[in-house]
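Residue-level structure breakdown
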Amino acid sequence: MKLIVVSAGLSSPSSTRLLADRLTAATLRHTDAEPEVIELRDLATEIAQHLVTGFPPARLATALDAVAAADGLIAVTPVFAASYSGLFKSFFDVIDKDALTGKPVLLGATGGTARHSLVTEHALRPLFTHLRALVLPTAVYAASQDWGQEGLAQRTARAGAELARFMTPTPQPATPDTTPGTTPDTARAHAHDDAADAAVDVDTAAAIAPRSLTGAVTSVDPADGFQVVPFAQRLAALGAR
């Protein structure tokens, strides 16, 4: 598996790169994916050329292909004017419109004050939802005063575990064991083990399931996956309990 890390930090050393590295380490504690870091400041000229000409130079084309082929993505930006940086947005402006479809993405941002802590929700999350990525529930914002604090370490660990969980392919339930000599009890035991391995992580899946704009809520059925249940039906079910 391949884990791509996109860092939009401009300085060296960079707090944005530091957060990206910590999120990467937290993810790799739960998966053996191969990480690769893309520093956007090294590609700034190529990104501008692509925006003007419509053709990516070789280094940028390699980076775009790496993101498209990744099993998971970590994207971290510094906060500029209460939003993501222009360099960060420009990179995702030139990426193929289908490159992130269904791809698990962990979002991160850094800033000088805690007042920008919702930038991951009002700026980053809508951007990646528009790109049809699978945006994970936990996004990590790090203000200057957060470094070294226990809260940042906890959020980083939780976010890394979520990304690793969704990068790992879900095993498909096995067909019944019809090997000659297999007893019914043994076949049932094997089927139970396979079902446990393929179980849906309901809590996390529900947290990232898309919400309907018409007032419906989304629920998760381990057997059927996502299904949309109208509010009226949900309220009626609650009243019957």
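What comes next is a walk through the structure. (Residues numbered from 1 in each chain as written. Predicted model: local features only at pLDDT ≥ 70, side-chain atom pairs only at ≥ 80, totals over all residues. Heavy atoms only, no water.)

Now for the overall build of the protein chain. Scanning the protein chain for helices and strands turns up nine helices and nine strands. By residue count, 40% of the 241 residues in the protein chain fall in the buried class. In the protein chain, 71% of the contacts between residues at least 6 apart in sequence involve partners at least 24 apart. Counting only carbon and sulfur atoms, one obtains 56% of the accessible surface of the protein chain, whose full area is about 12,900 Å². (Helix = DSSP H or I, 4+ residues; strand = E, 2+ residues; numbered from the N terminus. Buried < 20%, exposed > 50% of the residue type's maximum accessible area, 1.4 Å probe, protein only. Contact = heavy atoms within 4.5 Å. Areas by Shrake-Rupley, 256 points an atom, 1.4 Å probe, with all protein chains shown as cover.)

A separate point is the side chain of T138. Tracing the backbone shows T138 in the loop between strand 6 (134-135) and strand 7 (140-143). Looking at T138, its side chain comes within polar contact range of the side chain of R158, at 3.3 Å. Polar side-chain contacts of T138 include one of 2.8 Å to the side chain of E162. Discounting residues that sit within four places of it in the chain, T138 has contacts with L106, R155, R158, A159 and E162. (Polar contact = N/O pair within 3.5 Å; in protein donor to acceptor, adjacent residues only side chain to side chain.)

The subject of this paragraph is the side chain of T77. Turning to its location among the elements, T77 is positioned in strand 3 (residues 72-80). A distance of 3.2 Å separates the side chain of T77 from the backbone nitrogen of S85, its partner in a polar contact. Beyond its immediate stretch of four places on either side in the chain, T77 contacts A8, T16, Y84, S85, F88, G108, A109, T110 and L124.

What follows covers helix 2 (residues 44-53). Buried within helix 2 we find E46, I47 and H50. All buried residues of helix 2 lie within an arc of 100° about the axis, which places them on one face of the element. Across helix 2 from its buried face, at more than 90 degrees, point the exposed residues T45 and V52. (Arc of directions from axis to C-beta.)

Let us now look at the pattern of salt bridges. Tallying each qualifying case throughout the model produces ten salt bridges. A salt bridge links K2 to E34; the nearest nitrogen and oxygen atoms lie 3.3 Å apart. One end of the pair, K2, is in strand 1 (residues 2-7); the other, E34, is in strand 2 (residues 34-39), and 32 residues separate them in sequence. Across the pair D98 and K97 runs a salt bridge whose closest N-O atoms are separated by 3.1 Å. Accessibility expressed as a relative area gives 39% for D98, which makes it partly exposed. K97 sits in the exposed class, given a relative accessible area of 58%. (Salt bridge = Lys/Arg side-chain N within 4 Å of Asp/Glu carboxyl O.)

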